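Report on the structure
Given next are the chains, with one letter for each unit.
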Amino acid sequence: MSREDVLVTTQWAEENLDTPGVVFAEVDEDTTAYDAGHIRGAVKFDWRNDLQDGVRRDFVSKEGFEKLLSEKGISNDDLVVLYGGNNNWFAAYAYWYFKLYGHENVKLLDGGRKKWELDGRELNSDEVKRDRTDYQAQDQDLSLRAFRDEVVQSIGSKNFVDVRSPDEFSGKLLAPAHLPQEQSQVPGHIPGALNVPWAKVANEDGTFKTEEEIKELYKDEGIDEGKGTIAYCRIGERSSIAWFALHELLGYEDVKNYDGSWTEYGSLVGVPVELGAK
Amino acid sequence: MAVDDSCGAPVQEATPADYDTRGQVVLAGKVTGANGPVGGAFVRLLDGGGDFTGEVVSSAEGDFRFYAAPGEWTVRALHRSGNGEASVTAEGPGLHQLAISVG
């Protein structure tokens, strides 16, 4: 797998806005950004309303995913280019969903909306309407997704990559620094986890560092390439960036995203928790 | 919206001087350029070691706000018109104000 197989540059994107079979999709938690201006022709995914289960803490079902993509006018053989705000957090999370449901032809816009804006490229607010399709999803590929029991059982035998900030990892903060700190779960991290904040794999403009730099980073942090890896953060989307870097860019095979992440693990009764910096 | 189920940065707003920090360390301020406030700048919070901690997008009036911990912090703003940064040492809870010019 090479970088070109999983990422497109903003330059490539701009040159392929009208290419048949290429669908751009913006994924955001706060879709007011899309409504105010988006890449021309891009469809909108509302991370909360479109991609999450409305009741349970889980994401959209296979049937729900099929309905959503059909309504958005996306076909099984389209190349879907995902991008979004927040350094592509939700776009990377959506990329992971697409892979889970078997859509192979999906790429991330390197740097996301941020790089597009920093480049000064055009955004418009035209309504985007695509003809309905009959999208067929696969069953979830659970080799990409970790659940809590596997997480607890894997302590000591798999790499854990905690991508939260050092202060969240050590237990000093419960949430990223741009959010208020009122939380219910206990602070800390999964014993033995490496703390490799997600931003370490990215440049300040939001693009991914080179594969060589990322490989070096994880090696320096102590990842054991002979073992499987589980990435987590607080709710699973920052860790989608790490999952993308490890599984898609570096091509490591056994890498799972634990979408329950700290809001689940830090609320479990009786599981081991470690405090303090690494 | 419950804070618990989100990791995205909230929409930014101005932080008045008498803002109730509820015991937290709050770093807040404004991004300005040659023609006044700069909205839509990517405002990044870096810790004492220069490592990234969080990022928000400045409001139309250039406002940003972070909830941090005591320590040394640098806030760096990126915008298509240019970049800029400012640093602050937060000794403890309360409001710590910063002004950043870009361009």
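Not measured: the values here are computed from a predicted model.

Looking now at the overall build of chain B. Regarding its fold elements, chain B presents zero helices and eight strands. Taken from the N to the C terminus, the helices and strands of chain B come in the order β-β-β-β-β-β-β-β. In terms of C-alpha radius of gyration, chain B reaches 13 Å, essentially the compact-globule figure of 13 Å for 103 residues. Viewed in the frame of its principal axes, chain B has a C-alpha envelope of about 35 × 30 × 25 Å. Within chain B, the proportion of its 103 residues that are buried is 52%.

Residue and element names in this part refer to chain A. Tallying each qualifying case throughout the model produces 34 salt bridges over all chains. For Asp53, the salt bridge goes to Arg56, with nearest N and O atoms at 3.6 Å. For Asp53, a relative accessible area of 25% corresponds to the partly exposed category. Counted as one network, the salt bridges with shared partners bring together Asp53, Arg56, Asp58, Arg145 and Asp259.

Spatial strand order, S7-S6-S8-S9 (chain A): four strands in an open sheet with parallel pairing. For this open sheet the edge positions go to strand S7 (194-195) and strand S9 (255-257) of chain A, each flanked by a neighbour on one side alone.

All right, on to the interface of chain B and chain A then. Taken together, the contact between chain B and chain A spans 34 residues of the former and 34 residues of the latter. Counting each side, the surface lost to burial between chain B and chain A is near 2,800 Å², with a carbon and sulfur contribution of 54%. Counting the contacts that link chain B with chain A gives three salt bridges. For Asp51(B), the salt bridge is made with Lys200(A), and the minimal N-O distance between the two is 3.4 Å. Scanning the region where chain B abuts chain A turns up four residue pairs in polar contact (both at pLDDT 80 or more). Mapped by element, the contributors of at least two residues to the side of chain B that touches chain A are strand S3 (42-46), strand S4 (52-57), strand S5 (63-68) and strand S6 (71-79) of chain B. Along the lines of polarity and charge, the residues of the side of chain B that touches chain A split into 17 nonpolar, eight polar and nine charged.

What follows deals with the packing of aromatic side chains. Within this structure, the stated rule accounts for 19 aromatic pairs over all chains. Plain terms: the ring middles of Trp47(A) and Tyr93(A) are 5.6 Å apart, the flat faces sit at 40° to each other, and that makes the pair tilted. On the criterion of sequence distance, the pair formed by Trp47(A) in helix H4 (residues 47-51) and Tyr93(A) in helix H6 (residues 85-100) is long-range, its members being 46 residues apart. The exposure class of Tyr93(A) is buried, given its relative accessible area of 3%. Measuring from centroid to centroid gives 5.2 Å for Trp198(A) and Phe52(B), while their planes differ by 80°, and the two rings are edge-to-face. Placement of the pair is Trp198(A) in the loop between S7 and helix H10 (211-221) and Phe52(B) in strand S4, with the two residues belonging to separate chains. Three or more aromatic residues joined by ring pairs form one cluster here, namely Trp47(A), Phe59(A), Phe90(A), Tyr93(A), Trp96(A) and Tyr97(A).

This part takes up the pairing of strand S2 (residues 22-28) of chain A. Put simply, side chains in a regular strand alternate between the two faces of the sheet. Residue and element names in this part refer to chain A. Of all seven residues making up S2, seven are buried, and the element is well covered by its neighbours. Alternating positions in S2 separate into two faces, Val22, Phe24, Glu26 and Asp28 on one and Val23, Ala25 and Val27 on the other, with burial throughout. When S2 meets strand S4 (residues 79-83), the two strands line up parallel, connected through five bridges. Residue Ala25 lies in a different strand from S4, and its bridge partner there is Leu82. Here four bridges tie S2 to strand S3 (residues 43-46), and the two strands are oriented parallel to one another. Across the sheet, Val27 pairs through a bridge with Phe45, a residue of S3.

Of note, Asn87(A) is a non-glycine position whose phi angle comes to about 55°, a positive value. If you trace the backbone, Asn87(A) turns up in helix H6. You will see that Arg22(B), though not glycine, has its phi angle at about 50°, which is positive. Examined against the element boundaries, Arg22(B) turns out to sit in the segment before strand S1 (25-33).

Either a parallel or an antiparallel arrangement is found when strands of a sheet pair, and the pairing is made through backbone hydrogen bonds. Here we have five strands laid out as an open sheet, ordered S1-S5-S4-S2-S3 (chain A), and parallel in their pairing. Among the strands making up the open sheet, the edge pair consists of strand S1 (7-8) and S3 of chain A.

Okay, the side chain of Lys72(A) next. All names here are of chain A. The residue Lys72 is located in the loop between helix H5 (62-71) and S4 in this model. We note that Lys72 is buried and unpaired, the nearest opposite charge coming from Asp50 at a distance of 4.0 Å. What Lys72 contacts, discounting residues up to four positions off in sequence, is Val43, Lys44, Phe45, Asp50 and Arg130.

This brings us to the confidence of the model for chain B. All names here are of chain B. On average, residues of chain B score 89 in pLDDT, and 92% of them are at 70 or above. By mean pLDDT, the top-scoring element of chain B is S6 (97), and the lowest-scoring one is S4 (89). In the predicted complex, the global pTM is 0.91; the interface-specific ipTM is 0.83.

Take the nonpolar core next. By size, the foremost hydrophobic cluster in this structure holds 62 residues, and its most contacted members are Leu82(A), Phe208(A) and Tyr218(A). Considering every element that reaches this core, the biggest residue donor is H6(A), with eleven residues. Leu82(A) has contacts with Ala25(A), Val27(A), Ala91(A), Ala94(A), Tyr95(A), Phe98(A), Val106(A), Lys107(A), Leu108(A) and Leu109(A), leaving out every residue within four places of it along the chain. Judged by nonpolar contacts, the second largest core, of 23 residues, contains Leu27(B), Val31(B), Ala90(B) and Ile100(B).

Analysis parameters
- Residue numbering note: each chain is counted from 1, following its sequence as written.
- Chains and ligands are labelled sequentially in the order written, the chains with letters from A and the ligands with numbers from 1.
- Restriction of local features to residues with pLDDT of at least 70 applies here, the model being predicted, together with a cutoff of 80 or more for giving and counting side-chain atom pairs; totals for whole chains, interfaces and linings are based on all residues.
- The side-chain numbers reported here are obtained from all heavy atoms of the structure, hydrogens and water having been left aside.
- Secondary structure elements are taken from DSSP: a helix is a run of H or I of four residues or more, a strand is a run of E of two residues or more, and numbering for both begins at the N terminus.
- With the radius of gyration taken over C-alpha atoms, the globule rule is written as 2.2 Å times the number of residues to the power 0.38.
- Buried, partly exposed and exposed residues are distinguished by accessible area as a fraction of the type maximum, computed with a 1.4 Å probe on protein chains only: under 20%, between the cut-offs, and over 50%, respectively.
- One side-chain nitrogen of Lys or Arg within 4 Å of one carboxyl oxygen of Asp or Glu is enough to make a salt bridge.
- Strands are treated as partners if at least two bridges between them are detected by DSSP.
- For this analysis, residues touch if any pair of their heavy atoms sits within 4.5 Å.
- We define buried area as the total accessible area lost by two parts upon association, computed with a 1.4 Å probe and summed across both.
- Whenever two N or O atoms come within 3.5 Å, that pair is a polar contact, provided that in protein one can donate a hydrogen and the other can accept it, and provided that, for residues adjacent in sequence, both atoms are side-chain atoms.
- Only Asp, Glu, Lys and Arg are considered charged, only Ala, Val, Leu, Ile, Met, Phe, Trp, Tyr, Cys and Pro nonpolar, and every remaining residue, Gly among them, polar.
- Here the aromatic set is Phe, Tyr and Trp, taking the six-membered ring for Trp, and pairing holds for ring centres within 6.5 Å; pairs whose planes are under 30 degrees apart are stacked, those over 60 apart are edge-to-face, and all others are tilted.
- His is not counted, nor are the chain ends, whereas Lys and Arg count as positive and Asp and Glu as negative.
- Per-residue confidence from the predictor is given as pLDDT, running between 0 and 100.
- Think of a nonpolar core as a cluster: buried Ala, Val, Leu, Ile, Met, Phe, Trp, Tyr and Cys residues, connected wherever their side-chain atoms sit within 4.5 Å.

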